[in-house]
Amino acid sequence: MADFFLKTIWWIPCYPLIGALLSTLWFPSIIRRTGPRPAGYVNIITSLFAFVHGLVALTEIWGHPPQRLIIPWFSIVDLNLSIPLEVSVVTIGATLVITGLNLLAQIYAIGYMEMDWGWARFYSLLALFEAGLCGLVLCNSLFYSYIILEILTLGTYLLVGLWFNQPLVVTGARDAFLTKRVGDLFLLMGVVALFPLAGTWDFTELAQWSQTAQIDPNVATLLGLALLAGPLGKCAQFPLHLWLDEAMEGPLPSTILRNSVVVAVGAWVLVKMQPVIALSPFVMSTAVFIGLATAVGASCIAIAQIDIKRSLSYSVSTYMGITFIAVGTGQTQTALSLLLTYAFPMALLVMTTGGIISNNITQDLTQYGGLWSRRPISGLCFLAGMAALIAVPPFGGFWTILELAETLWENEPAIAFCLFLVNGLTAFSLTREFGLLFAGKPKQMTTRSPEVLWAMVLPMTILAGFCLHIPLLLKQWNLLPLGEDINLTVAGLLTASTLVGCGFSGLIYLNSNWPKPVKLPSQTLQDFFAYDFYTAKLYRVTIIFIVGLISNIMYWIDRYIVDGFVNLVGLATVFSGQSLKYNVSGQTQFYALTIIVGVTLLLGFFSLNMF
């Protein structure tokens, strides 16, 4: 019976797909009498089935080596397409993270979208996300992973544009879709170019091939950069990071999954492709550079934001940047651990702030304050998520960041110091958000702000408890270092960066006597961070300008050269036809005249050629 759950592990993505299909029955144009709410309940049940299936399969494969499962798909003549699956503790554990978080997000959505009539469409798209994510972590093929990534890109567009009657929503969905398409296009080039070189798209076989591969360094560099571009866009790294901020226009329950898991699948694929990317030292250095630039830049930008969603979205880019650093320095196991310890606290922070936004309307942090006395559960959950995300011993984020920092301290101490800086800046940013939300006296927007419905508080408190117990899970998986193996210098510096960040931020934002909003001495510098390094303007004067210029040139060529030539041929045809009709009159003298003129011209032509 236990072996049955392992052999049918591919059912896990099928459960949410069934829920998505059943949700269509409650579209307003089909079933109107019951309303759309049953669609949500159906999807919650299917997600629960997927979670239980994965939990039973995990208990059976625990302590055993990974297994390989082949799903036949299409076979004709010499073409045989099958889907390889990797069944291991890591992949099944990843499905549990996805299904568990989506289950909590769906319960959360019951309260958040209580009065919304788009339930059926929302839950079906959320189920599509869950199915795609589960299929991606189980799939062991780069080709099928790319297909699933494309489906997730489409799902992002549809979920962000759920409330399509709002102009900002339409713009956000479009920008998020087009920005991710840039990375997807280069990734497709890499996927197509890799097969003739390696003869396979299987991740396991690619890792074996890369150990003995002898290819031109320039080819390896171009191939690695193309493969790196896909995760670059999916993980919202500089300069393809603005889509995550635009995606905040969608319903907040979908943001729970997007900020915690959807962005992480790009890093998951990057970890899988790391052996191929490592063929080029330049590409590995590029991954580290991109990760450093994003982590430091995004953590600085987060501090300057007054929109709570924007501030959290830049923290997402920060941690994905740290993951890029881990992959670029060859620490793939640390990268996977970081994705685990990051997903749960980020989801908790989104839930907590979403509950606050739901009955306070505004997202402006400067309009909040004094919520601790009115919403203590939300305050405690925010603190739990914050402690689990940054390097606060003994919580989960501390151990994974410490593992990365210890290796960097030995090989790349400058990058290690940058990591301490990023951790301190993130601690400052999250403490700032907590102070603006919960500290001080209540303001006009927060005078009446009770805790939200139980459907939103229940998943929030469950997730808070799980975040606090992540170290026990790491210990069970033997991912915690032994006491004698800990580098006390690195641990001390990491903890000190957290204390400095939290302490300095607390001195400002937990102190009622400090005037707010806080402004830098230079307004230019403050605007530089507040407006995201003017990245949007940089887009307009570079990419958008170039694309617009090329479009105008192509329009001119099409309008005046291509169409002009066609019109010229048409005019010549009309003119010759009009001229010819005077000769075709049925009278002999006109035919004779035509023959004489033709013979004369022909003789003239030959005469010129002879002389």
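Please read these numbers as outputs of a predicted model, since none were measured by experiment.

S.K.: Whenever I open this one, the pattern of salt bridges confuses me. Can you help?
M.R.: Here the idea is simple: oppositely charged side chains can pair when their charged atoms come close. Tallying each qualifying case throughout the model produces 6 salt bridges. Note that Asp202 and Arg68 form a salt bridge whose closest N and O atoms lie 2.6 Å from each other. On the criterion of sequence distance, the pair formed by Asp202 in the loop between helix H7 (167-198) and helix H8 (203-212) and Arg68 in strand E1 (residues 67-76) is long-range, its members being 134 residues apart. Between Glu86 and Lys272 there is a salt bridge whose closest N-O contact spans 2.8 Å. Of the two residues, Glu86 sits in strand E2 (residues 79-87) while Lys272 sits in helix H11 (residues 252-277), which places them 186 residues apart along the sequence.

S.K.: What's the story with the packing of aromatic side chains in this structure? I'm lost.
M.R.: What characterises a pair of aromatic rings is the spacing of the ring centres plus the angle enclosed by the ring planes. According to the stated counting rule, one finds 23 aromatic pairs in the structure shown. Both rings, one in Trp409 and one in Phe420, keep their centres 6.3 Å apart while their planes meet at 40°; by these two values the pair is tilted. Taken together, the positions of Trp409 in helix H16 (residues 396-411) and Phe420 in helix H17 (residues 413-438) put the pair 11 residues apart, joining distant regions of the chain. Residue classification places Phe420 among the buried positions, given a relative accessible area of 6%.

S.K.: Would you mind going over the state of the cysteines with me for this structure?
M.R.: Linking two cysteines covalently through their sulfur atoms gives a disulfide. Taken as a whole and judged by the stated rule, the model has 0 disulfides. In this structure Cys418 is a free cysteine whose sulfur lies 11 Å from that of Cys300, the closest cysteine sulfur available. Summary of cysteine pairing: Cys502 is not part of a disulfide, and the nearest cysteine sulfur, belonging to Cys300, is at 16 Å.

S.K.: Sorry, what's going on with the packing of H17 against helix H20 (residues 488-509) here?
M.R.: It is at 8 Å that the axes of H17 and H20 come closest, and there the two elements cross at 30°. When the interaxial angle is binned, H17 and H20 end up roughly parallel. The element H17 and its partner H20 pack so that their crossing is right-handed. Mapping the contact onto sequence places Phe420, Asn423, Gly424, Ala427, Phe428, Thr431, Arg432, Gly435 and Leu436 in H17 and Val490, Leu493, Leu494, Ser497, Thr498, Gly501, Cys502, Phe504, Ser505, Gly506, Ile508 and Tyr509 in H20. Split into classes, the residues belonging to the contact of H17 with H20 amount to 11 nonpolar, 9 polar and 1 charged.

S.K.: Before we go on, may I ask you to explain the layout of surface pockets in this structure?
M.R.: Any empty space left between atoms is shown by rolling a water-sized probe over those atoms. Of the volumes computed, that of the largest pocket is approximately 930 Å³. Arg432, Tyr509, Pro517, Val518 and Lys519 are the residues nearest the centre of the largest pocket, which is lined by 31 residues in total. Secondary-structure elements contributing two or more residues to the lining of the largest pocket are helix H12 (281-303), H17, H20 and helix H21 (523-530). With 5 residues, the top contributor of residues to the lining of the largest pocket is H17. In this structure, the second largest pocket is lined by 24 residues; those nearest its centre are Asp175, Leu242, Ala536, Tyr539 and Ile544. Among the elements of the structure, H7, helix H10 (242-246), helix H13 (308-328) and helix H22 (535-583) are those that each provide at least two residues to the lining of the second largest pocket. Across the lining of the second largest pocket, the residue classes break down as 14 nonpolar, 2 polar and 8 charged.

S.K.: What is the right way to look at the nonpolar core in this model?
M.R.: Looking at soluble globular proteins, one finds that nonpolar side chains tend to be buried together. Ranked by internal contacts, the top residues of the largest apolar core, which has 170 residues, are Ile9, Leu101 and Leu463. Examining the composition of this core, we find that 16 residues originate from one element, H11, more than from any other. Of the residues that make up this core, three or more belong to each of domain 1 (1-140) and domain 2 (141-518). Residues contacting Leu463, with those up to four places away along its chain left out, are Leu101, Leu104, Phe344, Ala347, Leu348 and Met351.

S.K.: Could you clarify how one ought to interpret the side chain of Asn360 in this entry?
M.R.: Looking at where Asn360 falls in the secondary structure, it is placed in helix H14 (residues 332-360). Of note is the side chain of Asn360, whose polar atom sits 3.4 Å from the side chain of Arg375.

S.K.: Got a minute to help me understand the packing of H13 against H14 in this structure?
M.R.: Helix-helix packing: each pair is described by the crossing angle between the helix axes and the interaxial distance. Running from amino to carboxyl end, H13 crosses H14 at an angle of 175°, the nearest separation of the two axes being 10 Å. Considering the angle they form, H13 stands roughly antiparallel to H14. Between H13 and H14, the contacting residues are Ile308, Lys309, Leu312, Ser315, Val316, Tyr319, Met320, Ile322, Thr323, Ala326 and Val327 on the first element and Thr332, Ala335, Leu338, Leu339, Tyr342, Met346, Leu349, Val350, Thr353 and Ile357 on the second. The residue makeup of the contact of H13 with H14, split by class, is 16 nonpolar, 4 polar and 1 charged.

Definitions and cut-offs
Residues numbered from 1 in each chain as written. Predicted model: local features only at pLDDT ≥ 70, side-chain atom pairs only at ≥ 80, totals over all residues. Heavy atoms only, no water. Salt bridge = Lys/Arg side-chain N within 4 Å of Asp/Glu carboxyl O. Helix = DSSP H or I, 4+ residues; strand = E, 2+ residues; numbered from the N terminus. Phe/Tyr/Trp six-rings, centres within 6.5 Å; stacked < 30°, edge-to-face > 60°. Buried < 20%, exposed > 50% of the residue type's maximum accessible area, 1.4 Å probe, protein only. Disulfide = S-S within 2.5 Å. Axes fitted to C-alpha atoms, helices over the stretch in contact; angles between N-to-C directions. Parallel < 35°, antiparallel > 145°, perpendicular 65-115°, else oblique. Left-handed = near helix turned anticlockwise from the far one by under 90°. Contact = heavy atoms within 4.5 Å. Nonpolar A, V, L, I, M, F, W, Y, C, P; charged D, E, K, R; others polar. 1 Å grid on protein atoms, 1.4 Å probe; cavity = no way out; pocket = protein on both sides within 12 Å on 5 of 7 lines; lining within 4 Å. Points joined across faces, edges and corners; volume = space filled by probe spheres on them. Core = buried A, V, L, I, M, F, W, Y, C linked by side-chain atoms within 4.5 Å. Domains from an automatic or database assignment. Polar contact = N/O pair within 3.5 Å; in protein donor to acceptor, adjacent residues only side chain to side chain.

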